[in-house]
Amino acid sequence: MSGASTGIGDTPPPAKRGWVNAFLLGIGATGMFVAMASDAIAVLGRHVGFTLPGSIEVFQVAAVIALSMAILLASLNDRHAAVDLVVGRASARTARALFLFGRLALMLTFALLCAGSIWVSADLWSTHEMTEILAIPLRPFRLFWIVCSGLAAIHFARQFLKAARQ
Amino acid sequence: MIMPEAIGLIAFVLLLLILLAGIPIGASLALVGIAGLSIIISPEAALIKTGAIAFDTVSRYELGVLPLFMLMAQLCFAAGASADFFDMAARMVGHRRGGLAMASIGGSAGFGAISGSSLATVATVSAVALPEMRRQGYQPGFAAASLAAGGTLGSLTPPSGALIVYGIIAEQSIGKLFGAAVIPVVTQALFYIAVIAILCHWRPSLGPAGPRATWRERGVAILHVADLSLLILFVVGGLILGWFTPTEAASVGCVGALGILALRRRFSVAAIGKAMFETLKTTGMIYLIVIGALLFSTFVSVTGITDGLVGLVHATGASPILAVIVMAGILLALGSFLDGLALMLLMTPILLPVVIGLGLSPIWFGIFLVRTMEIGFIHPPLGFNVYVIQAGARDIPLGTIFRGIIPFLIGDFLHLALLIAFPAIALWLPAMQAR
């Protein structure tokens, strides 16, 4: 019942790529903790009497790292939710065809997200886009997102080809 | 040349079909949105919009509330929060007729405040409550039905994942949505308790009274949930009172959950790593859906289909209440074969402009939408909560559980009617927040 797996706290599937997951988890968790800490310290500061300038900017760039990793981890661990009312009742042949179609759709989605992001980044490249208060350059973070969405597209392309050959 | 409205209608039907074909929700929404934008505007504009929405979504500060509340939930799970709220409620009212069923409602509301998810709530509370209810001689269909109904509270109890997603898609204040959910959640729980009381008064064999717990036992059970309850009260209360923004509330909640983890002597790299891994995977899944929903929503707005719908409602002279009843009917019908999140993301871009056009509050609509979505969790043929319970209790036939749910569904429809007739149930608290 994959459609049901949109909730929090669902049972995880067994991890197949131990070290890859651990590596991505390390990067994603760092981003998440930095985002959390910058916001929590800013709240504390506001109530105690000091300010943390640019905490929102730190949060934003840390969130790009955490969320790009999150999308990649969800893709590598097959966590993208679907409604399986028909698939669950379909014959093996139909279910396989729908699975292939699903991989193709995911591959295409990530490829388009990646291509669109490359287009926007190319347009903005010469502007040396930065955050307002801390002047954090945004180019590396745009590139990071592009790499992650591209890797997700490659993952689903491989899955599609592998399943199509079987 | 096909009119944009016609393209919108065709895309809507196509989206419904590919969702039913099991294509991942995020990919379905994104592809239909991008294809529609390509046809109506241009492929280049569609691709640029795709790139802009994608990076904006992963870098927007306001959206950080979602992964952080999920992390807070996972850290609470790591701290051992499971069916403690049920245990506490069972010691308070377990000696009454139907008391354990009532406790399961209270336990679900408490656990729902941590998990923010209906399915997680029903799976966790039923794992402990169902064997206990059966041991005390509860009729299995009644016991399972009360748990399935109680589990739906997880979708609406703040900080609710569904309301956060709605707030993002509809661009509404998440703090106001949480405030608006408080009274509906309390009244919904009271409706379920009333259903249980009436049923057990009518047929006492459904839920026999259990042994009375001593005040010492009750005190221990209360202490067991005190830290988690304080955290939830602080986070949601602080948000409603305006002490912090939703994202800040979630960050503070994570720090608090880490503190509870340490207090309960469960603070370890492994525990935090597992919580983080679960959070990131679920977040990744939901973010793809959010990106897809934003693309679909952009497409719907350029088709002009919503303007047409608003015009149609005005042309027929339908009253707002009648329009809302029709919307409820559509949502309940679609909820028969779409899961809650897909239903919300599909219908919000279409119905929200109609709601605003009718002069209704988008905050109220968020509560109404999630409330309708919740009903879909227990009504046949989909009724995910029922399948979750049945997966853990194979000897109870699905038909028995669905029959047991009928009185709760009647309660749900009455509650929904009340919410439609008296929007103040949802809007009073946000109005107080604004003062």
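Refer to the structure presented above.
Residues numbered from 1 in each chain as written. Chains lettered and ligands numbered in written order. Predicted model: local features only at pLDDT ≥ 70, side-chain atom pairs only at ≥ 80, totals over all residues. Heavy atoms only, no water.

A short note on the interface of chain A and chain B
Taken residue by residue, the interface counts 62 residues in chain A and 70 residues in chain B. Of the roughly 5800 Å² buried at the junction of chain A and chain B (both faces included), carbon and sulfur atoms supply 79%. Across the chain A-chain B interface, the total number found is 2 salt bridges. Close ionic contact of B:E248 with A:R46 constitutes a salt bridge, the shortest N to O distance being 2.8 Å. Inspection of the region where chain A meets chain B yields 9 residue pairs in polar contact (both at pLDDT 80 or more). At the level of elements, α1 (18–48), α2 (55–76), α3 (92–124) and α4 (139–165) of chain A are the ones that each hand at least two residues to the side of chain A that touches chain B. Among the elements that make up the side of chain A that touches chain B, the one with the highest residue count is α3(A) (15 residues). Tallied by class, the residues present in the side of chain A that touches chain B amount to 41 nonpolar, 15 polar and 6 charged. (Contact = heavy atoms within 4.5 Å. Buried area = accessible area lost by both parts, 1.4 Å probe. Salt bridge = Lys/Arg side-chain N within 4 Å of Asp/Glu carboxyl O. Polar contact = N/O pair within 3.5 Å; in protein donor to acceptor, adjacent residues only side chain to side chain. Helix = DSSP H or I, 4+ residues; strand = E, 2+ residues; numbered from the N terminus. Nonpolar A, V, L, I, M, F, W, Y, C, P; charged D, E, K, R; others polar.)

Points about the nonpolar core
Ranked by size, the top nonpolar core spans 213 residues in total, and within it A:F110, B:F69, B:F142, B:F365 and B:F368 carry the most contacts. With 18 residues, helix α14 (residues 269–303) of chain B is the largest single contributor of residues to this core. Once residues lying within four places of it in the same chain are set aside, the contact partners of B:F142 are B:A101, B:I196, B:L199, B:C200, B:L206, B:G207 and B:F408. (Core = buried A, V, L, I, M, F, W, Y, C linked by side-chain atoms within 4.5 Å. Buried < 20%, exposed > 50% of the residue type's maximum accessible area, 1.4 Å probe, protein only.)

Notes on the packing of aromatic side chains
What the rule picks out here adds up to 13 aromatic pairs over all chains. Ring centres of B:Y192 and B:F408 lie 5.9 Å apart, and the angle between their planes is 70°; on these two criteria the pair is classed as edge-to-face. One end of the pair, B:Y192, is in helix α11 (residues 174–202); the other, B:F408, is in helix α20 (residues 398–421), and 216 residues separate them in sequence. We note that B:Y192, like B:F408, is buried. A network of ring pairs unites the aromatic residues B:Y166, B:W364, B:F365 and B:F368 as a single cluster. A cation over a ring is seen here: A:R139 above A:W125, with NZ or CZ 4.1 Å from the ring centre. (Phe/Tyr/Trp six-rings, centres within 6.5 Å; stacked < 30°, edge-to-face > 60°. Lys NZ or Arg CZ within 6 Å of the ring centre and 35° of its normal.)

Comments concerning the pattern of salt bridges
Residues and elements named next belong to chain A. Within this structure, the stated rule accounts for 13 salt bridges over all chains. Between R103 and D78 there is a salt bridge whose closest N-O contact spans 3.0 Å. Of this pair, R103 sits in helix α3 while D78 sits in the loop between α2 and α3, and the two are 25 residues apart along the sequence.

That's the geometry; what it means functionally is another story.
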